Each structure stands twice: as structure tokens, then as C-alpha cells.
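# An overview of the molecular structure
Single-letter residue listing:
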Amino acid sequence: KQHLSLLWEELVSHVVQYPQPVGDGLDSVTRLRMEAYAKLQEQERIQLEREEEQHMLMQSGASSGDLFWSALQPWQVWTFAGLLVLLLAIWFWRKRGCEAEISSEEEKEKEKEEVEEEEEEIWAYDLRWLLDERIQWPVHDLQTGCNRTMALIDSFTSIIGRALAGTFYPVLQQAIGFGSAFEGWTAREEEILYRVLIPLSPPIGHTFHLERDTDQQKPGRNFRVRVELECNCPEENEGVNLLCFLHHPDVVRRSTRQPNLLDSLCTGFYLDVHKIVLWFCALVRASWRRLPQSRSWHLVLQASARSCNLRLNNNQESFLVKVLFGVQRHTSDIFITSRPRGAQTPSTMWPETYAIAETKFFTHMARQTPQDSSHLKCLQLLARVLAHKDFPFHSVKTIIMQMLNTVPVSRWHRRYFLLQLSDALEQLHLSLKEKHLDHFILGNQRLPEEIRLPQDVQRARPPNLFYALIQDPDAPPRQCKPTLICTIAWQECWPMASFSGGLLSVPKPLFLSW
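This section reports on the structure supplied with the text. Quantities reported herein were computed from a predicted structural model and do not represent experimental measurements.

### Let's talk about the overall build of the protein chain
Helices and strands together make up the secondary structure of the protein chain, namely 15 helices and twelve strands. The proportion of buried residues among the 514 residues of the protein chain is 38%. Surface summary for the protein chain: the accessible area is close to 31,400 Å², and the carbon and sulfur share equals 54%.

Take a look at the structure:
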């Protein structure tokens, strides 16, 4: 092929260089055609050379491979094959080992999950035992009792209000339930006590002015309610109106045949708690038969100087209602009430109370915490344990309220019951040891917005609830060491054989190690 291509090139070049003479008209056309043909032949020649080179390269590669395998001895070929098989075996063995290791880890993880589920079932069973068997819950539903109590007091205030229309006695406002029963727990095992506050407002022609008691010897914040007659004369002609309570009280008394409030329920110019209680009890006794509840319940009025106590019973159950009276401070949730403060509380003294705000706080937290929250269970259990230990339980309630206000609401789930119980007792122990526990309402800047406080209450310095322990070491709890109180409470709350070997893994409170 190579010789033929060279011969063909020589022939073409001879024809191009020495063309045959032709006519003048065809000479230029023939030359152009011959040049085009020559270019085509040149391209074919280049293509043939490239194909020849590729063919020679393929032949040389095949020959080198044959030379390589032909150069190897048979034992070298078998050695190479053996190494290849060995590598494949090692790779397969390592793959099987990894799969077995992964499978073993999955089995261990599954066994761990099964153990955790079993422990969770044991925890749930023991916790149900503690909550259902150890804690004695009220026989009657508290919410039903609260509704029944409020219906009873509302019936009384409605009938009495109609009877007092046109008189100059205090106006009875809508009753407010407060205290443990309305918060969802109770320290009583049988007969439940429901506390109710009836706010009082001045009648027509009278005003109430609250005066702070400045006697530092008396505990707490105390007030007196000064009653003043109100002028209802025209501004430009004072004393013209003959029915003005301020300028013509005798004329008003004769025309209405009704005494004013200063003549009936006051001592001097101040509202008297004892007279208020006697007056209301007389109205209750006179109106009882007009109530629908009188057909199925028997009412007994129990004497008390600063509250009206009602005991109602039938053939199956009974309950107590303690009715207190108060005056609201501005439009807040703080009231001054007839609740006693000490053994010798003067009849014109009205101590400031924060129980309404506390009950409102528990109502707020009931909407925030989980449905099966443990905070009421902690209160219920501790109330039963410390009920007969001569211990001021309001301090325990204060600790629970402080924890509710700081601990995330999700941590009050039922599964954290024992943990929160342990934390509450630990905090109680530290407070008793340091003889210091701040009041929860007074001076608290972190209360929910719906709880309304007067500015002086909000800005006040929180009093120390254990201040009496500093002044009198023998004050209640009498001669009881903090560790002893909390240890007794913990042991009665959780009567397992030992803290470290019990079924529940609950951290041992620090005070048990001191």
C-alpha cells in the first residue's frame, strides 16, 4: 500500500506540473479542478497514514502483553492468583465481622431499651402505689364541694341583700372562695373546711377609709376601717339638704327610722369585727329556712368572735364553711379581713391578708402546669405528714409556691413527683437552718400579671416568715431541729426500707446526710 501511494503521488505531481496544452477557454477551469483534486488526494493520504500508525500501535501493545505473560513462570502465575484469592477472603471476612459487630450493638441497644421500659413500668407502678395508697385523698371531690359551698353562700347573700335594701348596713358583695380546698388540696382527712370571704362596701351616705396601724409591736400589716358620713348637699349650699347624712344625721335617722352604720356596727368611728360577725350570723339564722338547701341539709352555727362558722350535714356527709369578712384595697387582690392575728386581736383591727392572691396564683398555675402536675400532690402529702407535728404549714406552702414560680412547668410532671418532693424538703431544711424564708406575695416582682397588688405591697420588703425563730428559739416548731423535722417528713412520705436500695432511684436529700 505504501508503494502504491508513493507512485500515485509522483504521477499526480507530474500531471500538475506538466499539463497538456489545451485551449485558452478551458485552461483556467482545468487548473482549478486539478488543484481541488490534488487537495482531496492529500487529505486521503494523511488519513491513511493515521490509520496505519494506530494499527501499528495496537500490534505493539498486544505483543508486549503477550511478552509479559510469556515471560512469567507458571509458579509465579499461581502465586499471583493465590494472593488475589487471599485479598478477597480478607475483605469478605472483615465485612462479615463489621456486620456481626453492628448486629451485636443493635441487640445490646434493644436489650437496654427493654430494661429501661421495664424500669419505667416499675417506677410507674411504685409511683401509683405511693400516690394512690400512701396519700389519703379526700373522700369527696373538692371541686364539687367548692361549687356547693359557693352556691350556699351566694344564696345567703342574695336573700340578705334583698332584706337590707334601703338600710344603712354594709353592702354584701360577691363571695370569694379561697384557701386549700379552693386550691385543690386539703390537710383534713375527713371533714373538709371551705373558706369564703365576703367583701363589704359602705352603704349610701357612708365611706370607708383604711388607716394603717403603726404599732410595730403587732405582727404583720394591720388596718382599721374608719367610717365617715358622706355629705350629699349641693356644692354651693352645704347643709341645705335636710337628708344629708353629714349635716343632719338626726333628721335622716327619724325620717328613715334606720340607724346609720356608726350607730350599729362601729366602735367609735371604726368598723367592729365582732359586731359584724354577730349581725351576719343573726341574718343567716333568720334566712336559713328560705334557702332550698334547708330541705336536705341541717345547719349548725358555731360561735366565733371573728368569723361565722357553718356546719352542714345530712345522713351521709358533712362539711364546714368558715365565712370571713373583708374590705378590698383599691381594685387589687389584697384585702383586709376579719381573720384573727394572735390570741388578743382587737375588734377594730383588720389584718391584711394575701390568701386571695395565693389562691389566684394556684388557679393560674393550674392552667400552666401539665394536667397530671405533682405540685398539689406534694402539698397534700406534706400537709398530712406535718398536720400533727405542731409545724406552721404555710411555710411549706410558701416553698411550693416559690418553686412553682421558678421551676419550669414541664418539671412538675407526675414522673418528677419524688424529685420535687425531695427538693421541697431540702429547701425547707435550709430555710429552717438559716431561720429565713421570704414571704411569697409581699415584695414579689415576678407574680403573674393577672394578680393585682397595691403599689405599697408590691414594693414592700418581703418579711421573714421564720423571724420568730430568731427572737424565740422555742417558738413553734418547739424544740425541733430542722434536720429532725425534714427527716421525719421524708421517712413518712416514702416508707421504703432504705433510700439507696429502694425500687425508685430518688436522690437522697442532703439533710439526711447531715
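Still more ground to cover, so stick around.
### Quick word on helix α12 (residues 417-434)
A rise of 1.5 Å per residue sets the reference length of α12, with its 18 residues, at 26 Å; its end C-alpha atoms lie 26 Å apart and thus fit the reference within 8%. Phe 417, Leu 418, Gln 420, Leu 421, Ser 422, Ala 424, Leu 425, Glu 426, Leu 428, His 429, Ser 431 and Leu 432 are the residues of α12 that are buried. Phi turns positive, to about 55°, at Lys 435, one or two residues after α12.

### Remarks on the pattern of salt bridges
Evaluation of the coordinates by the stated rule reveals 13 salt bridges. Residue Glu 317 pairs with Arg 148 through a salt bridge whose shortest N-O separation is 3.5 Å. Note that Glu 317 is positioned in the loop between β9 (308-313) and β10 (318-328) and Arg 148 in helix α4 (residues 142-163), a separation of 169 residues in sequence. Residue Arg 329 pairs with Glu 352 through a salt bridge whose shortest N-O separation is 2.8 Å. With Arg 329 in the loop between β10 and β11 (335-337) and Glu 352 in strand β12 (residues 350-353), this pair connects stretches of sequence that are 23 residues apart.

### A word on the pairing of strand β3 (residues 193-201)
For β3, the buried fraction is high: eight of the nine residues fall into the buried class. Sheet analysis places strand β1 (residues 171-172) next to β3, joined by two bridges and oriented antiparallel. By the bridge assignment, Leu 172 is partnered in β3 with Leu 200. Pairing of strand β2 (residues 176-178) with β3, which is carried by three bridges, proceeds in the antiparallel orientation. Its bridge partner being in β3, Gly 177 is matched across the sheet by Val 196. Pairing of β3 with β10 involves seven bridges; the strand directions are parallel. In the sheet register, Leu 193 faces β10, and the bridge partner there is Leu 320.

### A look at the nonpolar core
Grouped together as the largest cluster of nonpolar side chains are 52 residues, with contacts concentrated most on Phe 156, Leu 271, Phe 280, Leu 310, Leu 312, Val 323 and Phe 325. Mapped onto this core, the elements with two or more residues apiece are α4, α5 (180-183), β3, β5 (222-229), α7 (261-264), α8 (273-287), β9 and β10. Of the residues forming this core, the biggest block, eight residues, is contributed by α4. With near-sequence residues (within four places) excluded, Val 323 lies in contact with Ile 153, Val 196, Ile 198, Phe 280, Ser 307, Cys 308 and Leu 310. Ranked by size, the runner-up nonpolar core spans 41 residues in total, among them Trp 185, Leu 381, Trp 412 and Ala 460.

### Side note on the state of the cysteines
Chemically, a disulfide is nothing more than a covalent bond linking the sulfur atoms of two cysteines. Here the structure, examined in full by the defined rule, presents zero disulfides. Left unpaired, Cys 281 is separated from the closest cysteine sulfur, that of Cys 308, by 3.0 Å.

### With respect to the pairing of strand β8 (residues 298-302)
Pairing between β8 and β9: five bridges, direction antiparallel. In the sheet register, Leu 299 faces β9, and the bridge partner there is Leu 312. Counted between consecutive antiparallel strands, the loop separating β8 from β9 contains five residues.

### Structural notes on helix α11 (residues 394-406)
Here α11 spans 18 Å end to end across 13 residues, near enough to the 18 Å set by a 1.5 Å rise per residue. Within α11, ten of the 13 residues are buried, which leaves the element mostly enclosed by the surrounding structure. Among all positions of α11, only Ser 395, Val 396, Lys 397, Thr 398, Ile 399, Ile 400, Met 401, Met 403, Leu 404 and Asn 405 are buried. Considering only its buried residues, α11 is in contact with α5, α9 (355-368), α10 (375-386) and α12.

### What about the side chain of Asn 260?
Residue position: Asn 260 is located in the loop between α6 (249-256) and α7. Polar side-chain contacts of Asn 260 include one of 3.0 Å to the backbone nitrogen of Asp 263. Beyond its immediate stretch of four places on either side in the chain, Asn 260 contacts Phe 168, His 206, Leu 229, Pro 249 and Arg 253.

### A short note on the packing of α9 against α11
α11 packs onto α9 with a crossing angle of 40° between their chain directions and a minimal axis gap of 11 Å. Judged by the inter-axis angle, α9 sits oblique to α11. Handedness of the α9/α11 crossing: left-handed. Where α9 abuts α11, its residues Glu 358, Phe 361, Phe 362 and Met 365 lie against His 394, Lys 397, Met 401, Leu 404 and Asn 405.

### Here's the deal with the packing of aromatic side chains
If you walk through the whole model with that rule in mind, you get nine aromatic pairs. Their ring planes at 80° and their centres at 6.2 Å tell us that Phe 361 and Phe 362 sit as a pair that is edge-to-face. Ring pairing ties together the aromatic residues Phe 182, Tyr 194, Trp 297 and Phe 319, which thus form one cluster. Here the basic side chain of Arg 411 rests over the ring of Tyr 416, its NZ or CZ set 4.1 Å away from the ring centre.

### A few points about the packing of α4 against α8
The angle between the axes and the distance between the axes are what describe a pair of packed helices. Packing of α4 against α8 leaves a shortest axis separation of 10 Å and a crossing angle of 95°. Here α4 is positioned roughly perpendicular relative to α8, judged by the angle of their axes. Mapping the contact onto sequence places Phe 156, Ile 159 and Ile 160 in α4 and Phe 280, Leu 283, Val 284 and Ser 287 in α8. Among the residues making up the contact of α4 with α8, the classes are represented as six nonpolar, one polar and no charged.

### Some details on a negative patch on the surface
A contiguous patch of negative charge, built from Glu 101, Glu 105, Glu 106, Glu 107, Glu 109, Glu 111, Glu 113 and Glu 114, is present on the exposed surface. Among the secondary structure elements, Glu 113 is positioned in helix α3 (residues 74-134).

### A word on unusual backbone geometry
Most peptide bonds adopt trans geometry, and most residues besides glycine take a negative phi value. Its identity is not glycine, yet His 330 carries a phi of approximately 55°, on the positive side. Mapped onto the elements of the fold, His 330 is located in the loop between β10 and β11. Phi angles above zero are rare outside glycine, and Lys 435 is one such case at about 55°. Mapped onto the elements of the fold, Lys 435 is located in the loop between α12 and α13 (455-458).

Conventions used here
- Residues numbered from 1 in each chain as written.
- Predicted model: local features only at pLDDT ≥ 70, side-chain atom pairs only at ≥ 80, totals over all residues.
- Heavy atoms only, no water.
- Helix = DSSP H or I, 4+ residues; strand = E, 2+ residues; numbered from the N terminus.
- Buried < 20%, exposed > 50% of the residue type's maximum accessible area, 1.4 Å probe, protein only.
- Areas by Shrake-Rupley, 256 points an atom, 1.4 Å probe, with all protein chains shown as cover.
- Expected span 1.5 Å × (residues − 1).
- Salt bridge = Lys/Arg side-chain N within 4 Å of Asp/Glu carboxyl O.
- Pairing = 2+ DSSP bridges.
- Core = buried A, V, L, I, M, F, W, Y, C linked by side-chain atoms within 4.5 Å.
- Contact = heavy atoms within 4.5 Å.
- Disulfide = S-S within 2.5 Å.
- Polar contact = N/O pair within 3.5 Å; in protein donor to acceptor, adjacent residues only side chain to side chain.
- Axes fitted to C-alpha atoms, helices over the stretch in contact; angles between N-to-C directions.
- Parallel < 35°, antiparallel > 145°, perpendicular 65-115°, else oblique.
- Left-handed = near helix turned anticlockwise from the far one by under 90°.
- Phe/Tyr/Trp six-rings, centres within 6.5 Å; stacked < 30°, edge-to-face > 60°.
- Lys NZ or Arg CZ within 6 Å of the ring centre and 35° of its normal.
- Nonpolar A, V, L, I, M, F, W, Y, C, P; charged D, E, K, R; others polar.
- Patch = residues over 30% accessible without salt bridge, like charges linked within 9 Å, V, L, I, M, F, W, Y side chains within 5 Å.
- Lys, Arg positive; Asp, Glu negative; His and termini not counted.
- Charge placed at Lys NZ, Arg CZ, Asp CG, Glu CD.

Keep in mind these numbers describe shape, not what the thing actually does.
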